[in-house]
Amino acid sequence: MIALLASPRRPRRLADACYHGLRLVGWLAVTFACVAALWLLFFAALGNFSFGGTMLQLENFASRYVAASAERQDRFAHFFWLTSAGLFAAVGFFRRHSLLARGAAATSKFRENHHG
């Protein structure tokens, strides 16, 4: 009898795990995209918010990176990943409400009050 009662709960738990897993993957993807957009915004600001200026800044950056020694490239990579992690933490902090809202999209309960 216990096995009969436990079986209907198993698909529900699997569905809940899939739902929360997909929400987490979506949250991570959007947060990573925001970090990439912040890097792009940084280079756009260096290029005076023009396409040509941004491309010139990226070309200048790439040529200096390739010409640098391996030690400087490693230091830059370390700095880049630390800065990206800091940006991810900052964006994640400001987006935490969307991750912590439990079942916001799953509920169909309408909570808006109409006045008047």
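Details of the structure are given in the entry above.
Residues numbered from 1 in each chain as written. Predicted model: local features only at pLDDT ≥ 70, side-chain atom pairs only at ≥ 80, totals over all residues. Heavy atoms only, no water.

Caption draft 1: Spotlight on the side chain of Thr31. For Thr31, the location among the structural elements is in helix α2 (residues 9–46). Overall, Thr31 belongs to the buried group, its relative accessible area being 0%. In this structure the side chain of Thr31 is engaged in a polar contact, spanning 2.9 Å, whose partner is the side chain of Arg95. Those residues in contact with Thr31, other than ones at most four positions away along the chain, are Phe88, Val91, Gly92 and Arg95. (Helix = DSSP H or I, 4+ residues; strand = E, 2+ residues; numbered from the N terminus. Buried < 20%, exposed > 50% of the residue type's maximum accessible area, 1.4 Å probe, protein only. Polar contact = N/O pair within 3.5 Å; in protein donor to acceptor, adjacent residues only side chain to side chain. Contact = heavy atoms within 4.5 Å.)

Caption draft 2: Broad picture of the packing of aromatic side chains. Under the definition given, this model contains 11 aromatic pairs. Relative to Phe76, the ring of Tyr65 lies with its centre 5.5 Å away and its plane at 65 degrees, an arrangement referred to as edge-to-face. Note that Tyr65 is positioned in helix α3 (residues 51–67) and Phe76 in helix α4 (residues 70–94), a separation of 11 residues in sequence. Residue Phe76 is classed as partly exposed on the basis of its relative accessible area, which comes to 29%. The rings of Trp39, Phe42, Phe43, Phe61, Tyr65, Phe76, Phe80 and Trp81 are connected pair by pair, giving a single aromatic cluster. (Phe/Tyr/Trp six-rings, centres within 6.5 Å; stacked < 30°, edge-to-face > 60°.)

Caption draft 3: Looking closely at the environment of Arg64. Position of Arg64 among the secondary structure elements: in helix α3. Separated by 3.0 Å, the side chains of Arg64 and Asn60 make a polar contact.

Caption draft 4: Geometry of the pattern of salt bridges. Under the defined criterion, the tally for this structure stands at two salt bridges. Residues Asp16 and Arg12 are paired through a salt bridge, measuring 3.9 Å at the closest nitrogen-oxygen approach. Of the two residues, Asp16 and Arg12 both sit in helix α2, four residues apart, roughly one turn of that helix. As a salt-bridge pair, Glu71 and Arg75 come within 4.0 Å of each other at their nearest N and O atoms. Residue Glu71 and its partner Arg75 are located together in helix α4, separated by four residues, close to a single helical turn. (Salt bridge = Lys/Arg side-chain N within 4 Å of Asp/Glu carboxyl O.)

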